[in-house]
Amino acid sequence: MTEPAPSATRLDDDARRADPATFEPRITAFVCNWCTYTGADLAGTSRLHMASNVRIIRLPCTGRIDHVFIVKAFERGADGVIVSGCHPADCHYTSGNYHARRRFGVFRELLSFMGVDPERLTFSWVSASEGAKWKDVVDETVARVRRLGPFDAYHQLAGPALPTDDPFAAMEVRDDRQGGGRGVAGDTTAGPGVSHQAGAPAGGAS
Amino acid sequence: MTELQDTARRLLDEGTVQVVIGWEEGRRGARPVFVRSAADCDKLIFDTRCVHNLATYLNPRRSQVMELGKPAIVVKGCDAKAVAGLLREAQLERDQVVLIGVRCGGVVTEPGAAAAPALTVDTVASRCWGCDVREPASVDVLVGDAQPEPPVTAALDERIAELDALPVEERLAFWTKEMERCTQCYACRQACPLCFCERCIVEKTEPQWIETSPHARGNFAWHLTRAQHLAGRCVGCGECERACPVGIPLSLLNRKLQQVVYELYGYTVSEDPSVPAPIGAYAVDDTQDFIE
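Residues numbered from 1 in each chain as written. Chains lettered and ligands numbered in written order. Predicted model: local features only at pLDDT ≥ 70, side-chain atom pairs only at ≥ 80, totals over all residues.

**Looking at the overall build of chain B**
Then comes step 1: Of the regular secondary structure elements, chain B holds nine helices and six strands.
Then comes step 2: Taken over the C-alpha trace, chain B has a radius of gyration of 20 Å; the compact-globule value for 292 residues is 19 Å, and the two agree within 12%.
Then comes step 3: Seen along its three principal axes, the alpha-carbon backbone of chain B occupies a region of about 60 × 40 × 40 Å.
Then comes step 4: When burial is assessed residue by residue, chain B has 47% of its 292 residues classed as buried.
Then comes step 5: Taking all contacts inside chain B whose residues are at least 6 apart in sequence as the whole, residues at least 24 apart take part in 72%. (Helix = DSSP H or I, 4+ residues; strand = E, 2+ residues; numbered from the N terminus. Rg over C-alpha atoms; globule rule 2.2 N^0.38 Å. Buried ≥ 20, exposed ≤ 12 C-beta atoms within 10 Å, placed from the backbone. Contact = placed C-beta atoms within 7 Å.)

Encoded structure:
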């Protein structure tokens with residue numbers, strides 16, 4: 001992985017982030033394909049206005065959301081993370097959301113104990129018909145993280161510099177499958193383009 | 001002691017097992033020993049220096065142990081819980097091993113002393129606080145004299161409460177300082193009886209989820225992952241912390257998650273392999289206060 005030259009954009013970005021008046025939170029949302037993604041899509045097609053700071057990554061199920069995704073998002077410069085999926089009893093795979101609920105109940109406490117403010121994390125159930133709820137989740141999270149300020153403490157931990165202007169640029173992974181992957185991003189072989197595609201409903205940041 | 005040695009001798013003589021894994025007197029205190037002949041059974045000891053969790057030798061990652069033939073292992077209460085963990089997660093069949101349980105009233109922090117130290121609040125291992133197993137119940141043979149409760153030391157829990165009371169930024173600063181020392185040698189993983197993945201996530205490189213160069217950011221990802229993967233599974237034997245060459249207080253993380261799974265799901269790690277671990281199981285009415 002080659003280190004990109006510091007661009008004018010990136011420098012501007014850092015300066016903007018430092019100033020509370022111009023700080024725009026970078027929020028990564030890991031959502032399930034069946035409920036929240038569709039709900040976010042509904043919010044988009046309903047032309048609901050909402051904060052444009054959220055970049056969506058679509059996965060098959062909240063049960064597919066590994067805690068390292070959240071760690072990775074913070075490493076790459078996310079200021080906040082949303083995890084959202086089907087309401088209890090609505091899981092397309094019967095029980096994925098129940099498993100996720102346990103896992104994140106614990107992981108949230110672990111992150112907090114190690115110094116990541118749980119206020120930077122939002123967990124929600126948003127069904128396919130709850131476009132309006134998705135808008136609220138997005139707006140509330142963005143407002144909350146805006147109050148907390150940039151979360152540079154984590155991604156600036158000692159270590160080689162990582163590109164942060166696009167948190168997903170460096171997550172590029174090889175796709176060996178025939179015909180390329182434009183499928184659900186939960187498969188770790190799916191290309192990074194999916195996240196940008198999926199970002200459409202809530203509108204991409206930057 | 002002779003009861004332990006006699007039991008081992010009988011098991012080897014009968015041919016029930018081909019190796020007995022226990023502790024012996026080494027040059028620097030107690031150390032694990034593999035006894036393969038009845039004549040060597042005199043070596044076996046058990047006292048407050050026998051801190052090692054021998055269940056780690058049953059970890060399927062160490063297939064070379066099973067190649068020696070059927071083992072018998074000497075287990076304290078905490079070790080028996082680790083064996084139960086392997087049974088629960090289908091990494092071991094109960095008839096593949098003979099368990100010799102020892103009555104245990106606590107151990108010290110380090111096995112290095114020349115003679116067995118008496119247990120006091122200052123010498124007892126932090127993991128022994130709150131230990132409810134004087135006699136492991138799931139064993140085939142139980143040996144040793146009845147033991148008193150270990151001395152009460154709440155040092156670990158007090159430290160956790162102190163950290164919990166700090167502002168979140170200071171907790172991050174505390175752990176950053178600890179993480180900066182980690183060299184990602186994975187001794188914590190190797191010592192753990194329950195870290196048994198054939199291919200650890202840290203060794204997966206496409207994509208590379210955890211940065212393997214030893215800097216604070218990669219180390220955070222590693223320790224968050226290690227702790228999370230052991231949530232509700234860790235028996236609190238503290239071997240990871242003892243194995244750590246740079247002295248990272250891993251027991252704080254492990255104990256914290258033990259508290260969390262107890263508070264959220266009422267789960268305490270058990271010696272009964274039929275009780276499912278909390279991660280991997282669920283209840284439809286699990287708490288969801290944190291979910292909008």
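**Side note on the packing of helix 4 (residues 96-114) of chain A against helix 7 (residues 216-229) of chain B**
Then comes step 1: Two elements in contact, helix 4 of chain A and helix 7 of chain B, have axes separated by 11 Å at closest approach and are oriented at 140°. What the angle tells us is that helix 4 of chain A and helix 7 of chain B run oblique. Crossing geometry of helix 4 of chain A relative to helix 7 of chain B is assigned as right-handed. Side by side, helix 4 of chain A and helix 7 of chain B meet where Phe107, Leu110 and Met114 of chain A of the first sit next to Leu224, Ala227 and Gln228 of chain B of the second.
Then comes step 2: Classifying every residue of the contact of helix 4 of chain A with helix 7 of chain B gives five nonpolar, one polar and no charged. (Axes fitted to C-alpha atoms, helices over the stretch in contact; angles between N-to-C directions. Parallel < 35°, antiparallel > 145°, perpendicular 65-115°, else oblique. Left-handed = near helix turned anticlockwise from the far one by under 90°. Nonpolar A, V, L, I, M, F, W, Y, C, P; charged D, E, K, R; others polar.)

**Structural notes on the interface of chain A and chain B**
Then comes step 1: Listed by partner, the interface residues are 36 residues for chain A and 38 residues for chain B.
Then comes step 2: Those elements giving two or more residues to the side of chain A that touches chain B turn out to be helix 3 (67-75), helix 4 and strand 4 (121-125) of chain A.
Then comes step 3: The leading source of residues in the side of chain A that touches chain B is helix 4 of chain A, at 14 residues.

**Observations regarding the nonpolar core**
All names here are of chain B.
Then comes step 1: Residues Ile73, Val74 and Val75 are the most contacted members of the largest nonpolar core, which totals 134 residues.
Then comes step 2: The residues that make up this core include at least three from each of domain 1 (2-143) and domain 2 (155-265).
Then comes step 3: Ignoring anything within four residues of it in the chain, the contact list for Val74 reads Leu4, Ile21, Gly22, Trp23, Phe46, Leu54, Ile100 and Val102. (Core = buried A, V, L, I, M, F, W, Y, C linked by C-beta atoms within 7 Å. Domains from an automatic or database assignment.)

**What to know about the packing of helix 2 (residues 36-45) of chain A against helix 5 (residues 131-148) of chain A**
Residue and element names in this part refer to chain A.
Then comes step 1: Two elements in contact, helix 2 and helix 5, have axes separated by 7 Å at closest approach and are oriented at 95°. When the interaxial angle is binned, helix 2 and helix 5 end up roughly perpendicular. Contacts between helix 2 and helix 5 involve Thr36, Gly39, Ala40, Leu42 and Ala43 from the first element and Gly131, Lys133, Trp134 and Lys135 from the second.

**A few points about helix 2 of chain A**
All names here are of chain A.
Then comes step 1: With seven of its ten residues buried, helix 2 lies for the most part within the structure.
Then comes step 2: Turning to helix 2, its buried residues number three or more, namely Thr36, Tyr37, Thr38, Gly39, Ala40, Leu42 and Ala43.
Then comes step 3: Just past helix 2, the residue Arg47 takes up positive phi, approximately 60°.

**Some thoughts on helix 5 of chain A**
Residue and element names in this part refer to chain A.
Then comes step 1: End to end, helix 5 covers 26 Å across 18 residues, agreeing with the expected 26 Å (1.5 Å per residue, within 8%).
Then comes step 2: For helix 5, every residue scored as buried is listed here: Gly131, Trp134, Lys135, Val137, Val138, Thr141, Val142 and Val145. Down the axis of helix 5, the buried side of the element spans an arc of 160°, and every buried residue falls inside it. Projecting away from the buried face of helix 5 at angles above 90 degrees are the exposed residues Ala143 and Arg147.
Then comes step 3: In this structure, the buried residues of helix 5 make contact with strand 1 (27-32), helix 2, strand 2 (54-59), strand 3 (80-85) and strand 4. (Expected span 1.5 Å × (residues − 1). Arc of directions from axis to C-beta.)

**With respect to unusual backbone geometry**
Then comes step 1: Put simply, Glu206 of chain B and Pro207 of chain B share a cis peptide bond, and its omega is -5°.
Then comes step 2: Position of Pro207 of chain B among the secondary structure elements: in the loop between helix 6 (187-191) and helix 7.
Then comes step 3: Non-glycine residue Thr94 of chain A carries a positive phi angle of around 75°.
Then comes step 4: Mapped onto the secondary structure, Thr94 of chain A falls in the loop between strand 3 and helix 4.
Then comes step 5: Looking at Thr94 of chain A, the number of C-beta atoms within 10 Å reads 11, which means it is exposed.

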